[in-house]
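Notes for the structure review
Given next are the chains, with one letter for each unit.
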Amino acid sequence: MKKNIKKCITFILALVTVFTVIILVPEDTSALITDADIKALEQKIKDNSDKIKAYESKIKQLQNNISSTNALKKELDEQIKVMQDNIDDTKQLIARYEELIAQKTDEINTKETEYNLKYSSFLEMMRVYYEDNTTNYLDMILGSNSLSEFLTQFERVGSLLTFEQTLMRELNVETVDLKNMKNDISLKREEAEELKKKLEDDEALLQEKLSETEALIKKYMQDQNIAAKTLAEVQKLDEEFDAQLTKLLKQYEEQKRTQYVGGDLLWPVDPELNYVSSKFGWRTLYGKPDYHRGIDIIRLGYNIYGANIYAANDGTVVTATNHYSYGNYILINHGGGYATLYAHCSKLLVKSGDEVKRGQVIGLIGSTGNSTGNHLHFEVRINGVVQDPLSGYLSHPSNLIVAK
């Protein structure tokens, strides 16, 4: 009798364990990475790759029949932008894959734990009814004292067998599920590794395109006729743009009427970028006089493509967009008529209306617009009018070098 009670308790405990494993509270998956997220990024990368090819076709046409270096430079800038976008999207996709792999690994570990617990409980049930020779299913049936008891026992045995068969089928299904999950995660790891190799290739290709663009523009600018025509176009565009900015900033200040936030303006790049390659004011460009409305900042002997650009002080982004000559640029109002402009960016990290803090990364250095190399064109404007940034407005590295 005690043995039967012990067996009954063991069976019930095993049964409870199995059902506890089966009836689990569903996990909140609202923040989890899905295959749809992955596919959306993959499609975006594919679309960008198609755009890059289309730009290549336009660029070849302009190279064969060039009438304006500005038009060629604009197409090259657009192609480089899409290439950079592709690199950024690929990095994001790799991060998504790594999140998904970590997520799937957790799911596999949880499922294996549940599976092992369910399987152990199932084995315990089998041990109770098959390994104990004193009482088994046959004993339960043949040990009946009446037909009524026999039928009752037979029905019990049938129910138990059906339940055990159901559990066996479930365990078999879960075994297959676990195998499929492990195969899937192996494929995801392989895909992530392929993406990392693609990223390396794309980054190398971008650097080649940047060098090719710089060399190509310099080659065309060596032609005095092309250079003179290009400079005339640029000067006209810059004059128009300067008038627009002056008007825009005056209107903005009249609307806001804010006080200047105070203090010297921060050097807008890392202190290692300590060389002003072109000063503020009149200069000779391609043998012609040209008025430079800001300063150009580089680091001698280094490729500074993608280096950080920092907000020179607290303020509000008036605009962050693209201009034919200035390329990708950012204009920030600091109050009291003070404003700063950052041009030729490879990437803009702020948008119109954003509030920025002194030293915040707002963009990355590039060579978009009328530029033959990576640098930051930086302007200081007071009441819309350009000022020499080095005339008491701007703090700078102690080892600053200014070209003559």
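Just so you know, these numbers come straight off a predicted model, no measurement behind them.

A word on the overall build of the protein
Helix and strand counts for the protein stand at six helices and 13 strands. Across the 404 residues in the protein, those meeting the buried criterion constitute 42%. Partitioning the intrachain contacts of the protein with sequence separation of at least 6 by distance along the chain shows that 73% fall at a separation of at least 24. Entry remark: accessible area of the protein is about 22100 Å², with carbon and sulfur atoms responsible for 53%.

Some remarks on the confidence of the model for the protein
Mean pLDDT for the protein: 83, with 81% of residues reaching 70 or above. In the model, residues 1–30 has pLDDT below 50 throughout and makes 32 contacts with residues more than four positions away in sequence or in other chains.

Describing the nonpolar core
The biggest cluster of nonpolar side chains holds 31 residues, and the ones touching the most others in it are Ile330, Tyr342, Ile362 and Phe378. Counting only elements with at least two residues in this core, the list comes to β1 (275–278), β4 (295–298), β6 (315–323), β7 (327–335), β8 (338–348), β10 (361–365) and β11 (376–382). Tallying contributions element by element places β11 first for this core, with four residues. Excluding anything up to four places from it in sequence, isoleucine 362 contacts Ile309, Tyr310, Ala311, Ile330, Ile332, Tyr342, Leu348, Leu349, Val350 and Val356. In terms of nonpolar packing, the next biggest core, distinct from the first, is built from 26 residues, Val82, Ile101, Tyr115 and Leu195 among them.

Structural notes on the pairing of β6
Here β6 lies mainly inside the structure; seven of its nine residues are buried. Looking at chain direction, β6 and strand β9 (residues 355–356) are connected through two bridges and run antiparallel. Considered in β9, the bridge of glycine 315 is made with valine 356. Where β6 lies against β7, seven bridges are found, and the strand directions are antiparallel. Note on β7: the bridge partner recorded for threonine 321 is tyrosine 329.

Things to note about helix α6 (residues 224–256)
Between the first and last C-alpha of α6 there are 46 Å, a value that for 33 residues agrees with the 48 Å anticipated at 1.5 Å per step. By the burial criterion, the buried members of α6 are Ala227, Thr230, Leu231, Val234, Asp238, Phe241, Asp242, Leu245, Thr246, Leu249, Tyr252 and Glu253.

Thoughts on the packing of aromatic side chains
As enumerated under the stated definition, the model contains eight aromatic pairs in all. Pairing tyrosine 260 with tyrosine 338 gives two aromatic rings, centres 3.9 Å apart and planes at 20°, and the pair type is stacked. With tyrosine 260 in the loop between α6 and β1 and tyrosine 338 in strand β8, this pair connects stretches of sequence that are 78 residues apart. When the centroid spacing of 5.8 Å and the interplanar angle of 75° are considered together, the rings of phenylalanine 280 and tyrosine 291 count as edge-to-face. Residue phenylalanine 280 is found in the loop between β1 and β2 (281–285), and its partner tyrosine 291 is found in strand β3 (residues 288–292); the two are separated by eleven residues along the sequence. On the accessibility criterion, tyrosine 291 (29% relative accessible area) is partly exposed. Put simply, the rings of Phe241, Tyr326 and Tyr329 touch in pairs and so form one group of aromatic residues. The side chain of arginine 299 reaches across the aromatic face of tyrosine 302, ending 3.7 Å from its centre.

Focus: the environment of serine 371
With respect to the secondary-structure elements, serine 371 resides in the loop between β10 and β11. Sequence separation between serine 371 and lysine 218 is 153 residues, and the spatial gap between their C-alpha atoms is 9.7 Å. Setting aside residues no more than four positions away along its own chain, serine 371 makes contact with Lys73, Ile217 and His344. Separated by 2.7 Å, the side chain of serine 371 and the backbone oxygen of glycine 373 make a polar contact.

Looking at the pattern of salt bridges
Applying the stated rule across the entire model yields 22 salt bridges. Its salt-bridge partner being aspartate 85, residue lysine 81 comes within 3.0 Å of it at the nearest N-O pair. Of the two residues, lysine 81 and aspartate 85 are both situated in helix α3 (residues 69–131); the distance of four residues between them amounts to about one turn of the helix. By relative accessible area, lysine 81 is classed as partly exposed at 39%. For glutamate 203, the salt bridge identified is with lysine 91, shortest N-O distance 3.7 Å. Of this pair, glutamate 203 sits in helix α5 (residues 147–221) while lysine 91 sits in helix α3, placing them 112 residues apart in sequence. Judged by its relative accessible area of 41%, lysine 91 is partly exposed. Via salt bridges that share partners, Lys81, Asp85, Asp88 and Lys347 belong to a single interconnected network.

Structural notes on the environment of tyrosine 324
Tracing the sequence through the fold places tyrosine 324 in the loop between β6 and β7. Its relative accessible area of 33% is what places tyrosine 324 among the partly exposed residues. Residues tyrosine 324 and threonine 368, spaced 44 residues apart in sequence, show a C-alpha to C-alpha distance of 8.8 Å. Filtering out sequence-adjacent residues up to four positions away, tyrosine 324 remains in contact with Asn70, Ala71, Lys74, Leu237, Gly369 and Asn370. Polar contacts involving the side chain of tyrosine 324 include one to the main-chain amide nitrogen of alanine 71, which spans 3.3 Å.

Things to note about the side chain of glutamate 253
Here glutamate 253 is to be found in helix α6. With a relative accessible area of 15%, glutamate 253 lands in the buried category. One polar contact links the side chain of glutamate 253 to the main-chain amide nitrogen of threonine 258, over a distance of 3.4 Å.

Conventions and cut-offs
- Within every chain, residues take consecutive numbers counted from 1 along the sequence as written.
- Only residues with pLDDT of at least 70 are given local features in this predicted model, and only at 80 or more are side-chain atom pairs given and counted; all residues enter the totals for whole chains, interfaces and linings.
- For the side-chain quantities, the full set of heavy atoms in the structure was used; hydrogens and water were omitted.
- Numbering of helices and strands starts at the N terminus; helices are DSSP runs of H or I of at least 4 residues and strands are runs of E of at least 2.
- Per-residue accessibility, obtained with a 1.4 Å probe over protein chains only, is compared with the maximum for each type, and a residue is labelled buried under 20%, exposed over 50%, and partly exposed between these values.
- The contact rule is simple, with two residues in contact once any of their heavy atoms fall within 4.5 Å.
- Residue burial considers only the protein chains on display, and all accessible areas are found by Shrake-Rupley using a 1.4 Å probe.
- What pLDDT conveys is the predictor's confidence in a given residue, as a value from 0 to 100.
- Throughout this description, the term nonpolar core refers to a set of buried Ala, Val, Leu, Ile, Met, Phe, Trp, Tyr and Cys residues connected via side-chain atoms within 4.5 Å.
- The rule for pairing is simple: two strands pair if DSSP sees at least two bridges between them.
- To estimate how far a helix should reach, multiply one less than its number of residues by 1.5 Å.
- Any Phe, Tyr or Trp ring, taking Trp's six-membered ring, that has another such ring centre within 6.5 Å forms a pair; planes under 30 degrees apart are called stacked, those over 60 apart edge-to-face, and the others tilted.
- Only lysine NZ and arginine CZ atoms are considered, and such an atom sits over a ring when it is within 6 Å of the ring centre and within 35 degrees of the ring normal.
- Counting of polar contacts relies on pairs of N or O atoms within 3.5 Å, with two restrictions inside protein: one atom must be capable of donating a hydrogen and the other of accepting it, and residues adjacent in sequence are counted only when both atoms are side-chain atoms.
- By definition here, a salt bridge exists when the distance from a side-chain nitrogen of Lys or Arg to a carboxyl oxygen of Asp or Glu is within 4 Å.

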